Amino acid sequence: MLSLVRGNVVDLPTNVSLSYLWCGGFMISAFLVLQVVSGVILSFLYVADSYLSFGCVVDFTNEGLVVWLVRYAHIWGVSFIFILFLVHMGRALYYSSYSKLGVWNVGFVLYLLMMVEAFLGYILPWHQMSYWAATVLTSIMQSVPFIGASLYKFVVGGFSVTNVTLVRVFSAHVCLAFVILGFSVVHLFYLHLGGSNNPLNVSGGYSDVVLFHSYFTNKDGFVLMCLLWLCCLCLLWSPDGVLDVESYIQADPMVTPVSIKPEWYFLAFYAMLRSIESKIGGLVLVLVFLFLLWLPTFNSACCYSVSRQYVFWFFFSFFFLLSYLGACHPEYPYVLVSKLSSLFVVVLLLLFKGLWVGSLAFSEYSVKNLI
């Protein structure tokens, strides 16, 4: 065990040119561990019951300082993880790290699992926004051809979101956390098997290397301390900064909120779903976007192509615009702008993945060394 840790952490040969953008994976892992620890503590106190869950979660703030800190650390930790995910995946797209097939495939599955895990956790407090967000998003399953009704009944546990749904969500939320930890280890295995990409896009992940310790442990440790300080500052300065006002109203199936919206890290996908009147059409649009986002091609890195950099930054600009539109009320002109932005973000992603394809030699190298 000691030799395994030493070979993967201390004596790991690492490209010397890696910048601070390559600290994202370690930051996500550190915050993921914090999320699991805080989540285990909260699971001991939580009661999965439609009549008691809301009061149980609200009472966390009155139990004492430790429980209050654990709860809000869990809430802010999710936001920091998804911010780091955006930076991590954005860097992978910019430098065409998706050509490393094993690392990219497992990492993309991790991203999907984290979105599912975050959505399940969002339902647990059983307040107005979480209940109606669960009702709206699970109803999309009914639009799936042939298996929609059976799939909806299997997930929800009945004809609507009820106490049965809450119990299933709690069980899935706890179990899925450990599945994510397992996939993180697999992701790390593939990363160390083929080596990281680098800002210069030099072939061979282990060219011009130094040992991971102490050069990169100091760099990662410095970034982690900065992020933890920032997280503590956000937690103490504005603990409810990422919560909706409806989070302090108990779920009421008879009263629909004026505007239903999920957490901020789902807003772009929510805007895509709303941009098409048909539920199945919105679902297809999101699936097409996720497929293009995953699609591994052998493109050259953006650092050597100004035109590709323009496409990249336009793509991210429209993605952030969709995140803003997802929080807006579904009315003119927001719906129209959402439709245009959804079209542009898919087209730009298709151009980004389909053009500037690298040489055959680069493709053969990637397949041979990194699968």
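So, a few notes on the structure that sits alongside this text. (Residues numbered from 1 in each chain as written. Predicted model: local features only at pLDDT ≥ 70, side-chain atom pairs only at ≥ 80, totals over all residues. Heavy atoms only, no water.)

**Focus on the pattern of salt bridges**
Then comes step 1: One pass over the structure, following the stated rule, counts two salt bridges.
Then comes step 2: Two residues, D244 and K261, come together in a salt bridge whose shortest N-O distance is 3.0 Å. Taken as a pair, D244 in the loop between α9 (212-237) and α10 (267-275) and K261 in the loop between α9 and α10 lie far apart in primary sequence, 17 residues in all.
Then comes step 3: Close ionic contact of E277 with K339 constitutes a salt bridge, the shortest N to O distance being 2.9 Å. Taken as a pair, E277 in the loop between α10 and α11 (279-294) and K339 in helix α13 (residues 334-354) lie far apart in primary sequence, 62 residues in all.
Then comes step 4: Exposure remark for E277: the relative accessible area of 66% places this residue in the exposed category.
Then comes step 5: When its relative accessible area of 33% is taken as the criterion, K339 is described as partly exposed. (Salt bridge = Lys/Arg side-chain N within 4 Å of Asp/Glu carboxyl O. Helix = DSSP H or I, 4+ residues; strand = E, 2+ residues; numbered from the N terminus. Buried < 20%, exposed > 50% of the residue type's maximum accessible area, 1.4 Å probe, protein only.)

**Structural notes on α10**
Then comes step 1: The buried fraction of α10 is high, at eight of nine residues.
Then comes step 2: Three or more residues of α10 are buried, namely L267, A268, F269, Y270, A271, M272, L273 and S275.
Then comes step 3: Residues of α10 that are buried in the fold lie against α5 (101-123), α6 (128-139), α11, α12 (306-326) and α13. (Contact = heavy atoms within 4.5 Å.)

**Quick notes on the packing of helix α3 (residues 53-63) against helix α4 (residues 65-94)**
Then comes step 1: The geometry of α3 relative to α4 is characterised by a closest axis approach of 6 Å and an angle of 130° between their N-to-C directions. With respect to each other, α3 and α4 are oriented oblique. From α3, V57, F60, T61 and E63 reach across to α4, where they touch V67, W68, R71 and Y72.
Then comes step 2: Counted by class, the contact of α3 with α4 contains five nonpolar, one polar and two charged residues. (Axes fitted to C-alpha atoms, helices over the stretch in contact; angles between N-to-C directions. Parallel < 35°, antiparallel > 145°, perpendicular 65-115°, else oblique. Nonpolar A, V, L, I, M, F, W, Y, C, P; charged D, E, K, R; others polar.)

**Topic: unusual backbone geometry**
Then comes step 1: Residue S214 is reached from H213 by a cis peptide bond, and omega for that bond is 15°.
Then comes step 2: As for its placement among the helices and strands, S214 is situated in helix α9.
Then comes step 3: A cis amide bond, omega 5°, links Y332 with the succeeding residue P333.
Then comes step 4: Tracing the backbone through its elements, the reader meets P333 in the loop between α12 and α13.
Then comes step 5: Here the phi dihedral of W126 falls at roughly 60°; this positive angle occurs in a residue that is not glycine.
Then comes step 6: On the accessibility criterion, W126 (5% relative accessible area) is buried.

**Structural notes on the packing of aromatic side chains**
Then comes step 1: Under the definition given, this model contains 35 aromatic pairs.
Then comes step 2: Each ring, one from Y94 and one from W313, has its centre 6.4 Å from the other, and the planes form 50°; the classification is tilted. Remark: W313 occurs in helix α12 and Y94 occurs in helix α4; sequence separation between them is 219 residues.
Then comes step 3: Ring centres of F119 and F266 lie 6.4 Å apart, and the angle between their planes is 85°; on these two criteria the pair is classed as edge-to-face. Residue F119 is found in helix α5, and its partner F266 is found in the loop between α9 and α10; the two are separated by 147 residues along the sequence. (Phe/Tyr/Trp six-rings, centres within 6.5 Å; stacked < 30°, edge-to-face > 60°.)

**Thoughts on the environment of V223**
Then comes step 1: One can find V223 in helix α9.
Then comes step 2: Along the primary structure V223 and S150 are separated by 73 residues, whereas in three dimensions their C-alpha atoms are 47 Å apart.
Then comes step 3: If we ignore the near neighbours within four places in the chain, the residues touching V223 are Y20, C23 and M27.

**Here's the deal with the nonpolar core**
Then comes step 1: Ranked by internal contacts, the top residues of the largest apolar core, which has 97 residues, are F31, F82, L93, F289, F315 and V345.
Then comes step 2: Here the element with the most residues in this core is α4; it accounts for 16 residues.
Then comes step 3: Among residues more than four places away in sequence, those in contact with F289 are F269, M272, F315, F319, V345, V346 and L349. (Core = buried A, V, L, I, M, F, W, Y, C linked by side-chain atoms within 4.5 Å.)

**Overview of the side chain of E117**
Then comes step 1: In this structure, E117 sits in helix α5.
Then comes step 2: Notably, E117 is buried but unbridged: the nearest opposite-charge side chain belongs to R71, and the N-O separation is 16 Å.
Then comes step 3: Excluding residues that lie within four positions of it along the chain, E117 makes contacts with A172, H173, L176, A177 and I180. (Lys, Arg positive; Asp, Glu negative; His and termini not counted.)

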